[in-house]
Amino acid sequence: MASDEQRPIDIEWRAELKRLIAKHDLQGAVIIAIRRDGVVDAHTYGEDKFKCDALGTWITGFAERALPVIPFQTVFGWRNGGLAEHVPDDTKVPDGWEQFR
């Protein structure tokens, strides 16, 4: 997400998204990146300010409500310093996701 204090990788991602949008004639794009420490970042780019703002607003709300424990916590260590934290065996998981428990 955009902030007043951007890290070099944010600028790098934005440049890459801009290149991909032009190359593939897209209106916008979103990249979800998971850092080694388990932090989940979302990078957005739209072909104009209105579309960029729309994507940024959408992904902010989406990420706050929709990041599932499996696989973000159980594989990537989201909210656990990058260390995978498995769910108990008796926890119901969606079909096809058992291997990521």
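Quick summary incoming for the structure in this document. Fair warning: this is a prediction, and the values are worked out from it, not measured in the lab.

Reading guide: rules and limits
- Sequence order as written defines the numbering, with residues in each chain counted from 1.
- At least 70 in pLDDT is required for a residue's local features to be given in this predicted model, at least 80 for side-chain atom pairs to be given and counted, and no such filter applies to totals for whole chains, interfaces and linings, which use all residues.
- Excluding hydrogens and water, the side-chain values take into account all heavy atoms of the structure.
- Helix and strand definitions follow DSSP, with helices as H or I runs of at least four residues and strands as E runs of at least two, each counted in order from the N terminus.
- Atoms considered for the radius of gyration are the C-alpha atoms alone. The globule rule reads 2.2 Å times the number of residues to the power 0.38.
- Between buried and exposed lies partly exposed: a residue is buried under 20% and exposed over 50% of the maximum accessible area for its type, with that area taken using a 1.4 Å probe on protein chains only.
- Contact criterion: two residues are considered in contact whenever any of their non-hydrogen atoms come within 4.5 Å of each other.
- Only four residue types enter the tally: Lys and Arg on the positive side, Asp and Glu on the negative side; His and the chain ends are excluded.
- Charge positions are represented by NZ for Lys, CZ for Arg, CG for Asp and CD for Glu.
- When DSSP finds two or more bridges between a pair of strands, those strands are recorded as paired.
- Working definition: a ring pair exists when centres of Phe, Tyr or Trp rings (six-membered ring for Trp) sit within 6.5 Å. Plane angles under 30 degrees give stacked, over 60 give edge-to-face, the rest tilted.
- Any helix carries an expected span of 1.5 Å times its number of residues minus one.
- Think of it as the arc spanned by the lines of direction from the helix axis to the C-beta atoms.

Notes on the overall build of the protein chain
Logical step 1: Within the protein chain, the secondary structure is distributed over 3 helices and 2 strands.
Logical step 2: Shown N-terminal to C-terminal, the secondary structure of the protein chain runs as helices and strands in the order α-β-β-α-α.
Logical step 3: For the protein chain, whose C-alpha radius of gyration is 16 Å, the value lies well above the compact-globule estimate of 13 Å for 101 residues.
Logical step 4: Along the longest, intermediate and shortest principal axes, the C-alpha atoms of the protein chain span 45 × 30 × 25 Å.
Logical step 5: Within the protein chain, the proportion of its 101 residues that are buried is 28%.
Logical step 6: Relative to all contacts within the protein chain whose residues are 6 or more apart in sequence, the contacts with residues 24 or more apart total 42%.
Logical step 7: Within the protein chain, one finds 13 positive and 17 negative side-chain charges whose respective centroids are separated by 3 Å.

Observations regarding the pairing of strand β2 (residues 40–46)
Logical step 1: Summarising burial for β2: 6 of the 7 residues are buried, a large majority.
Logical step 2: Pairing geometry for strand β1 (residues 28–34) and β2, over 7 bridges, is antiparallel. Counted as the bridge partner of G28 is G46 from β2.
Logical step 3: As consecutive antiparallel partners, β1 and β2 are separated by 5 residues, and within that stretch G38 has a phi angle of approximately 90 degrees, a positive value.

Overview of the packing of aromatic side chains
Logical step 1: Under the defined criterion, the tally for this structure stands at 4 aromatic pairs.
Logical step 2: Both rings, one in F72 and one in W78, keep their centres 6.5 Å apart while their planes meet at 75 degrees; by these two values the pair is edge-to-face.
Logical step 3: Given a relative accessible area of 12%, F72 falls into the buried group.
Logical step 4: Exposure remark for W78: the relative accessible area of 14% places this residue in the buried category.
Logical step 5: Put simply, the rings of F72, F76 and W78 pair up and form one aromatic cluster.

Thoughts on helix α1 (residues 8–24)
Logical step 1: Between its terminal C-alpha atoms α1 stretches 25 Å, which fits the 24 Å expected from 17 residues at 1.5 Å a residue.
Logical step 2: Those residues of α1 lying buried are D10, L17 and I21. The buried residues of α1 occupy one face: seen down the axis, they fall within an arc of 35 degrees. Turned more than 90 degrees away from the buried face of α1, the exposed residues are P8, E12, A22 and K23.
Logical step 3: Where α1 is buried, its residues touch β1 and β2.
Logical step 4: Just beyond α1, the residue with positive phi is D25, at close to 55 degrees.

Purely geometric stuff here, so don't read any function into it on its own.
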